[in-house]
Amino acid sequence: MGMTRDAQTIEDVRDMADEVARLMADRFGGARRGERPDMQAMLRRRGGALPRKLRRMAKVLAEADLHSAQPRIARQLDLPAISRAHHALIAHLQPLGEMSRWRNRALNFAASVLFGLMLLAAVLIWVMIRRGSL
């Protein structure tokens with residue numbers, strides 16, 4: 001019975017860390033397309049974008065994620081502190097989120113399409129000048 005409870009706890013810590021890492025990647029960048037970096041990598045890449053207090057909480061969560069893979073150490077984790085860190089990070093990272101991230105993605109897509117069209121127009125003008133049509 002104790003084994004299943006520990007296993008769920010270990011999975012919960014891993015899920016919490018993955019969720020925070022995903023939100024950090026969405027909000028601050030630092031992940032290549034298709035890549036889902038772990039909490040340690042996101043803390044290294046974009047941890048400086050977090051306020052100091054939240055950065056400490058992110059370190060707690062990242063260490064818990066590392067230690068959760070080792071069952072003997074995982075039993076010694078301070079689960080209430082990890083849960084508080086997770087909730088504080090989620091509360092900070094989530095709200096400024098979905099609509100502005102969607103808008104930024106749409107603007108980036110529109111900018112790349114516009115750049116491609118401008119490049120195509122420049123090539124067409126160059127070809128017309130070379131042929132003497134313009």
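The subject of this paragraph is the UniProt feature "transmembrane region" (unreviewed entry) in the protein. The sites that carry the UniProt feature "transmembrane region" (unreviewed entry) are, in the present numbering, residues 106-129. The distance from the first to the last C-alpha atom of residues 106-129 is 35 Å, and the span holds 100% helix and 0% strand.

Following both chains from N to C, one finds helix α2 (residues 39-46) and helix α3 (residues 52-67) inclined at 150°, their axes separated by 9 Å at the closest point. It follows from the interaxial angle that α2 and α3 lie roughly antiparallel. As α2 packs across α3, the resulting crossing turns out to be left-handed. Residue-level inspection shows Met 39, Gln 40 and Leu 43 of α2 in contact with α3, the latter providing Arg 55, Ala 58, Lys 59, Leu 61, Ala 62, Glu 63, Asp 65 and Leu 66. Looking at side-chain class alone, the contact of α2 with α3 contains six nonpolar, one polar and four charged residues.

Scoring rules and cut-offs
- Residues numbered from 1 in each chain as written.
- Predicted model: local features only at pLDDT ≥ 70, side-chain atom pairs only at ≥ 80, totals over all residues.
- Heavy atoms only, no water.
- UniProt positions renumbered as here; feature names shortened; annotations may be inferred.
- Helix = DSSP H or I, 4+ residues; strand = E, 2+ residues; numbered from the N terminus.
- Axes fitted to C-alpha atoms, helices over the stretch in contact; angles between N-to-C directions.
- Parallel < 35°, antiparallel > 145°, perpendicular 65-115°, else oblique.
- Left-handed = near helix turned anticlockwise from the far one by under 90°.
- Contact = heavy atoms within 4.5 Å.
- Nonpolar A, V, L, I, M, F, W, Y, C, P; charged D, E, K, R; others polar.

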